[in-house]
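Here are the chains, one letter per residue:
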Amino acid sequence: MPKMKTNSGAAKRFRRTATGYKHKQVNRNHIQTKKAQKRKRHLRGMENVAKADVPALRRLLPTKAR
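Residues numbered from 1 in each chain as written. Predicted model: local features only at pLDDT ≥ 70, side-chain atom pairs only at ≥ 80, totals over all residues. Heavy atoms only, no water.

Before going further, it helps to spend a moment on the overall build of the protein. Helix and strand counts for the protein stand at three helices and three strands. Along the protein, helices and strands appear, N-terminal first, in the series α-β-β-α-β-α. In terms of overall dimensions, the protein has a C-alpha envelope of 50 × 20 × 20 Å along the principal axes. Counting across all 66 residues of the protein, residues that qualify as buried make up 21%. When contacts within the protein are restricted to residue pairs at least 6 apart in sequence, those whose partners lie at least 24 apart make up 56%. Looking at the protein as shown, the accessible area adds up to about 5,700 Å², and 53% of this sits on carbon and sulfur atoms. (Helix = DSSP H or I, 4+ residues; strand = E, 2+ residues; numbered from the N terminus. Buried < 20%, exposed > 50% of the residue type's maximum accessible area, 1.4 Å probe, protein only. Contact = heavy atoms within 4.5 Å. Areas by Shrake-Rupley, 256 points an atom, 1.4 Å probe, with all protein chains shown as cover.)

Let us now look at the side chain of Lys-40. Assignment of secondary structure puts Lys-40 in helix α2 (residues 37-42). Look at Lys-40: it is buried, it has no salt bridge, and the nearest opposite charge is Glu-47 at 18 Å. Leave out the neighbours within four places in its chain, and Lys-40 touches Arg-28, Gln-32 and Lys-35. (Lys, Arg positive; Asp, Glu negative; His and termini not counted. Salt bridge = Lys/Arg side-chain N within 4 Å of Asp/Glu carboxyl O.)

If you trace the three strands from one edge of the open sheet to the other, you get β1-β2-β3, paired in antiparallel fashion. Because the sheet does not close on itself, it has two edges, and the strands there are β1 (14-16) and β3 (46-48). Across the sheet, the mean angle separating the axes of adjacent strands is 35 degrees when strand polarity is ignored. Sheet topology note: the strand β2 (residues 21-24)/β3 ladder contains three bridges and is antiparallel. Residue pairing for β3: Lys-22 is matched across the bridge by Asn-48. (Pairing = 2+ DSSP bridges. Axes fitted to C-alpha atoms, helices over the stretch in contact; angles between N-to-C directions.)

Coordinates in, geometry out; function isn't part of it.
Shown next as structure tokens:
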């Protein structure tokens, strides 16, 4: 049986936590001049992944710490 491979794209975008997964929030990459400072400030940091998406992430990231 071959080794299970981690999806490298998913590994760059998601991080495992004690209770699930987290990801960077969207809308912070470009065209920031028209966005309010408050909006950009609230988009900092990480956000939890929805419970419905966790089974798919488990398949994409099989070797990450569980």
